[in-house]
Amino acid sequence: MINIQRLSEHIEQLSRIGRTADGGIDRFSYTDHDIKANELVAQYMKAAGLNVHYDAVGNLIGSDEGTEDLPAIVLGSHIDTVPNGGKFDGSLGVLVAIEVIHSFKEQGIEFRHPVKVIAFRDEEGTRFGFGMIGSRAVAGTLTTADLQRMDEDGITIEQAIANCGLEKKSLSSTRLNHVKCYLEVHIEQGKVLEAKGAAVGNVTGIAGPLWLKFQLTGLAEHAGTTPMNQRQDALVGASLIIAEVEKMTKRYNSSVATVGKLIVKPNGVNVIPGEVEWTIDMRDIDEAQRDQLEREIKQYAEAVARERQLGLHVIELQRVEPVHCDKILQALIKESIQEIGETVVSLPSGAGHDAMQFKDCFPVGMIFVRSKDGISHNPKEFTAEEDMLKAAQVLYKTMVKLDR
Ligand code: GLV
Ligand code: MN
Ligand code: MN
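Quick summary incoming for the structure in this document.

Thresholds, definitions, all that
- Residues numbered from 1 in each chain as written.
- Chains lettered and ligands numbered in written order.
- Predicted model: local features only at pLDDT ≥ 70, side-chain atom pairs only at ≥ 80, totals over all residues.
- Heavy atoms only, no water.
- Phe/Tyr/Trp six-rings, centres within 6.5 Å; stacked < 30°, edge-to-face > 60°.
- Helix = DSSP H or I, 4+ residues; strand = E, 2+ residues; numbered from the N terminus.
- Buried < 20%, exposed > 50% of the residue type's maximum accessible area, 1.4 Å probe, protein only.
- Lys NZ or Arg CZ within 6 Å of the ring centre and 35° of its normal.
- 1 Å grid on protein atoms, 1.4 Å probe; cavity = no way out; pocket = protein on both sides within 12 Å on 5 of 7 lines; lining within 4 Å.
- Points joined across faces, edges and corners; volume = space filled by probe spheres on them.
- Nonpolar A, V, L, I, M, F, W, Y, C, P; charged D, E, K, R; others polar.
- Near = heavy atom within 4 Å.
- Polar contact = N/O pair within 3.5 Å; in protein donor to acceptor, adjacent residues only side chain to side chain.
- Areas by Shrake-Rupley, 256 points an atom, 1.4 Å probe, with all protein chains shown as cover.
- Salt bridge = Lys/Arg side-chain N within 4 Å of Asp/Glu carboxyl O.

### What to know about the packing of aromatic side chains
Considering all chains together, one arrives at 8 aromatic pairs under this definition. Between F104 and Y396, the ring centres sit 4.0 Å apart and the planes meet at 5 degrees, which makes this aromatic pair stacked. Within this pair, whereas F104 is found in helix 3 (residues 91-106), its partner Y396 is found in helix 10 (residues 385-402), the two being separated by 292 residues in sequence. Geometrically, the ring pair formed by F214 and W278 is stacked, given 5.3 Å between the ring centres and 20 degrees between the ring planes. One end of the pair, F214, is in strand 7 (residues 208-217); the other, W278, is in strand 10 (residues 275-284), and 64 residues separate them in sequence. Note on accessibility: F214 and W278 belong to one class, buried. Through successive ring pairs, a cluster of aromatic residues spans F120, Y182, F358 and F362. R149 extends its terminal NZ or CZ atom over the ring of F130, reaching a point 3.8 Å from the ring centre.

Okay, here's the thing in structure tokens:
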């Protein structure tokens, strides 16, 4: 049924596009690597018997019309990466979905429902600091103002799309309306399945990411001549706040917070830092708790800025609500896991996924696959072939039930 060798080859071939010196992948949205990766995945979709097109924001969509006039079953994930990312995050979900469709087609099985496999554009948010661009567009929540967000070179999302040579279409044309459900396979990126000895898992919900950008402004002065008690050192202020972010977050049981990006200006050995900018990524499955943590962090940052005569400016990059997976889809996934002889493990997702964007549009379900040592967003990211096969089998069986 499932051709695991073909799936493994596809994972390997795709992972070569954007390969970094230490074996990771740099594949950021609308870049040449991203365009090449989409072209390759389009070939896999065509070989699986799907009709392929790009929508207005460059989502790659492989469609099967189905034999009846019914709402579509949508499968998907993303093929962009974080800086020096791994080869399974996102890519596995897209390639497993294509393999499952390919397998149905090879057996001559036709779908009653239309089926779509989507490789969403820019899930990670690496280039524009704003993720899930493609899935927002499909949900109908991406705005023309969002398209004016810029990358570090001042190129807007709109320009990046145009530079890709994509045909100009209205944003409203990307929205999918007649949809039965959305299903996504993804690596767990955590250690729960491994600890429980499970190859696959049923996802109960997805924690909501809140991304903030903090800017602290002091005075860039001579490091040799400015007395210690007369400085407005933006980096010292930032350090105090960043250290406190970790302490505060530890007091909340399900929250996590990360400062992943830091820019120091002018960044000279003998210059007091005059300006520091950093991001905070905060997540919780409990939105009220996450927002309470956000308030505490902001209050602390304001107090530090006041005391040290620094200017503070906080910008919200994205605020995504946590999502609960559909109960009926969860039941079908769990049944399918049992059918392949695996024990059922249900778990929430700490990572964000395109599925989140469909919260108010249609039911979503997710199947997780075991990650070795829970490592992800790292070249060492690894999922065993046997586990990929099981994930494909679970998706296959869930599709059978959904298409009845
Ligand atoms: C994507 O991987 C995210 O969770 O930020
Ligand atoms: Mn990721
Ligand atoms: Mn991902």
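### Details of empty space enclosed by the protein
A complete count under the given rule lists 1 cavity of 30 Å³ or more for this structure. If you add up the space inside the largest cavity, you get close to 30 Å³. Every residue lining the largest cavity is listed: D80, T81, V82, G85, G86, D89, E124, H377 and E381. Partitioned by chemical class, the residues of the lining of the largest cavity number 1 nonpolar, 4 polar and 4 charged.

### A closer look at the site of ligand 1
Close contacts around ligand 1 come from E123, E124, R283, A351, G352 and H377, and that covers them all. Within the side chain of E124, an N or O atom sits 3.0 Å from an oxygen atom of ligand 1. Within the side chain of H377, an N or O atom sits 3.1 Å from an oxygen atom of ligand 1. In isolation ligand 1 has 200 Å² of accessible area, and contact with the protein removes 91% of it. Residues of the shell around ligand 1, tallied by class, amount to 1 nonpolar, 2 polar and 3 charged.

### Details of the pattern of salt bridges
Going through the model one piece at a time under the given rule, you end up with 25 salt bridges. Here E12 ties to K87 by a salt bridge, and the two come within 2.8 Å at their closest N and O atoms. Linking E12 in helix 1 (residues 4-15) with K87 in the loop between strand 3 (72-78) and helix 3, this pair joins segments that are 75 residues apart in sequence. A relative accessible area of 31% means that E12 is categorised as partly exposed. The partner of E244 in a salt bridge is K247, and the shortest N-O contact between them spans 3.8 Å. Note that E244 and K247 are positioned in helix 7 (residues 234-250) at a spacing of 3 residues, about one turn of the helix.

Taken by themselves, the reported measurements are silent on function.
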